[in-house]
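# Summary of the model geometry
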Amino acid sequence: MAIQQNAVKAPSLFGNRFLQTILLSNILLQLGIWVRNFSILLYVADKTNNDPYAISLISVVEFAPIFVFSFVGGTFADRWRPKRTMIWCDLLSSVSVFVVLMVIHFGSWQSVFLVTFISAILSQFSQPSGMRLFKQHVPEEQLQQGMALFQSLMAIFMVLGPMLGTFTYSTFGLETSIAVMGVAFLLSALTLVRLPKDKVEQRPAAVKGQFRKEFNEGFRYVWQSPVLRMLGAAFILAGLAVGLAQALGLFIVTERLGKPEEFLQYILMLNGAAMLIGGGIVAVFAKKVAPQLLLAIGMLVGAVCTVVIGYSTNVPLTLVVQFVNGLVFPCIHIGISTMILKWSHESIVGRVNGVLNPMFIGMMVISMSFAGTLKDAYSLVSIYTGAGILFLLGAFVMIPIMSQKVPESSNSTQTV
């Protein structure tokens, strides 16, 4: 009887109340985040006359909390009730936005950086909580399809986000743009009320209050799992490669293609459109492809595309390769997210995410930091070839775990 019920429920991915709610919440969050990012970028550029230090500080306040709070946020996400955690994070983000908005209104424009910094901190608690809920409420066989839907949503906003942010700031100014973000986070919190009630779990008395022990368990869990350990290595290699490619993308436009800087936005929009299509394709075929293979395919094709982009001086060729690159990039994101969910026990998925996520972001920021120095010493062709090799190594890392089967139950993964 149970098998028959599962067979009936499995196909209705869009009928899943949890997925409907979390997707609507993410649409609101993405709207607020993109309006915030471009409004603050344009405002700081106007205010400082394009000072590179001030503009780079925007990225610092966005990424720094990932290093400081991701490990801690993942641990607390496993200790706290995930639905309540997500609602409170969105509410606190909304409140902080309006508080900062008042400060800006009365003359301290530098506090605009706090808007990004505070919401980035809170997202380190909210995001792993969302992963826990995903693990609880989406059937095992639909996890990869669900991740593909999230990737498609991100791709939509990669195309529309810059236009929305620029339009809002240009038309209404900074204060209205930040207010839009505050309202978006508030509406997201209200939307999350629709989520199923949190499970009331009795925590064993022996581990109550032992935050340090639980914190360390996340690292030990990842290290003891061959799949998660190799995934960490792939994260590091992919982060290094992505950081180099992103940091020097503008020089591909100006030096290799001989186009003005503004041409970069068309490449980014094309890439976002391709990611949207790619996410849809993966959603259709997700059940038939193992996540390790999906990740390896994404990194292998990414390696080839990165090298070709570095060598190409032909605009149509570069655009075609960028489209192909965007088409397969969802394979990397969806493969990684699915592997974290499938090979992590529900009780520790927040900590696993908190351990692995900073590896990618950290390596990306490091390679972005050294990209300028590398460009002074080497040609773009050499640097992009190096980035392609890093992607290729990431694909090879998947080979030892390619035959690993997903545990029949998440409880069958190693204990900590």
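None of these values were measured; they are calculated from a predicted model.

Procedures and definitions
- Residues numbered from 1 in each chain as written.
- Predicted model: local features only at pLDDT ≥ 70, side-chain atom pairs only at ≥ 80, totals over all residues.
- Heavy atoms only, no water.
- Helix = DSSP H or I, 4+ residues; strand = E, 2+ residues; numbered from the N terminus.
- Buried < 20%, exposed > 50% of the residue type's maximum accessible area, 1.4 Å probe, protein only.
- Contact = heavy atoms within 4.5 Å.
- Areas by Shrake-Rupley, 256 points an atom, 1.4 Å probe, with all protein chains shown as cover.
- Phe/Tyr/Trp six-rings, centres within 6.5 Å; stacked < 30°, edge-to-face > 60°.
- Lys NZ or Arg CZ within 6 Å of the ring centre and 35° of its normal.
- Polar contact = N/O pair within 3.5 Å; in protein donor to acceptor, adjacent residues only side chain to side chain.
- Core = buried A, V, L, I, M, F, W, Y, C linked by side-chain atoms within 4.5 Å.
- pLDDT = per-residue confidence, 0-100.
- Salt bridge = Lys/Arg side-chain N within 4 Å of Asp/Glu carboxyl O.
- Expected span 1.5 Å × (residues − 1).
- Patch = residues over 30% accessible without salt bridge, like charges linked within 9 Å, V, L, I, M, F, W, Y side chains within 5 Å.

## A closer look at the overall build of the chain
Counting its regular elements, the chain contains 15 helices and zero strands. Per-residue burial over the chain gives 50% buried out of 416 residues. Considering only contacts within the chain whose residues lie at least 6 apart along the sequence, 89% involve residues at least 24 apart. Accessible area for the chain stands at about 19,200 Å²; split by element, carbon and sulfur atoms hold 68% of it.

## Thoughts on the packing of aromatic side chains
Going through the model one piece at a time under the given rule, you end up with five aromatic pairs. Judged by centre distance (5.8 Å) and plane angle (80°), the rings of Phe-18 and Phe-134 are edge-to-face. Of this pair, Phe-18 sits in helix H2 (residues 17-48) while Phe-134 sits in helix H5 (residues 112-137); the two residues are 116 residues apart in sequence, bridging distant segments of the chain. Just as Phe-18 is buried, Phe-134 falls in that class too. Taken together, a centroid distance of 6.0 Å and an interplanar angle of 15° make the contact between Trp-80 and Phe-125 stacked. Taken together, the residues span a long stretch of sequence, with Trp-80 in the loop between helix H3 (52-79) and helix H4 (82-105) and Phe-125 in helix H5 at a distance of 45 residues. Taking the relative accessible area as the measure of exposure, Phe-125 reaches 13% and is therefore buried. Taking NZ or CZ as reference, Arg-229 lies 5.2 Å from the ring centre of Trp-223, over its face. Over the face of the ring belonging to Phe-263 we find Lys-259, whose NZ or CZ atom lies 5.7 Å from the ring centre.

## Section: the environment of Val-301
If you trace the backbone, Val-301 turns up in helix H12 (residues 291-311). Each C-alpha atom of the pair Val-301 and Leu-327 lies 9.7 Å from the other, and the pair is 26 residues apart in sequence. Leave out the neighbours within four places in its chain, and Val-301 touches Val-324 and Val-328.

## Concerning the side chain of Arg-132
Position of Arg-132 among the secondary structure elements: in helix H5. Classification of Arg-132 as buried rests on a relative accessible area of 3%. Only 3.1 Å separates the side chain of Arg-132 from the backbone oxygen of Trp-80, close enough to count as a polar contact.

## Section: the environment of Val-253
Checked against the element boundaries, Val-253 lands in helix H10 (residues 249-256). Expressed as a C-alpha distance, the spacing of Val-253 and Val-315, which sit 62 residues apart in the sequence, is 9.0 Å. Setting aside anything within four residues of it in sequence, one finds Val-253 in contact with Gly-258, Lys-259, Pro-260, Phe-263, Leu-264 and Ile-267.

## Brief notes about the nonpolar core
Counting 73 residues, the largest nonpolar core has Phe-134, Leu-231 and Leu-295 as the members making the most contacts within it. Aside from chain neighbours lying at most four places away, what touches Leu-231 is Leu-295, Ile-336, Met-339, Ile-340, Leu-356 and Met-398.

## Digging into the confidence of the model for the chain
Overall, the predicted model of the chain reaches an average pLDDT of 80, with 88% of residues at or above 70. Per-residue pLDDT stays below 50 along residues 1-11; that stretch engages in four contacts with residues further than four places along the chain or on separate chains. Low confidence marks residues 410-416, where pLDDT is under 50. Its contacts with residues over four positions away, or in another chain, come to 18 contacts.

## Quick look at the pattern of salt bridges
This model, assessed by the stated rule, comprises one salt bridge. In this structure, Glu-255 and Lys-375 form a salt bridge, with 2.9 Å as the shortest nitrogen-oxygen distance. Separated by 120 residues along the polypeptide, Glu-255 in helix H10 and Lys-375 in helix H14 (residues 349-377) bring together distant segments of the chain.

## So, helix H7 (residues 174-192)
If you check H7, its first and last C-alpha atoms are 27 Å apart, about what 19 residues at 1.5 Å a residue would give, namely 27 Å. Buried residues of H7: Leu-174, Ser-177, Ile-178, Ala-179, Met-181, Gly-182, Ala-184, Phe-185, Ser-188, Ala-189, Thr-191 and Leu-192, and no others. Summarising the contacts, the buried residues of H7 are in contact with H2, H4, H5 and helix H6 (143-172).

## A look at the environment of Gly-335
Within the secondary structure, Gly-335 sits in helix H13 (residues 315-342). A relative accessible area of 0% places Gly-335 in the buried class. When the C-alpha atoms of Gly-335 and Met-147 are compared, they prove to be 8.6 Å apart, with 188 residues separating the residues in sequence. Apart from the residues lying within four places of it in its own chain, the contact partners of Gly-335 are Pro-291, Leu-294, Leu-295 and Pro-330.

## Here's the deal with a nonpolar patch on the surface
Residues Phe-98, Val-183, Leu-186, Leu-187 and Leu-190 make up a contiguous nonpolar surface patch of about 400 Å² in total accessible area. Broken down by element, the nonpolar patch gets its largest block of residues, four residues, from H7. The residue Leu-190 is located in helix H7 in this model. On the accessibility criterion, Leu-190 (53% relative accessible area) is exposed.

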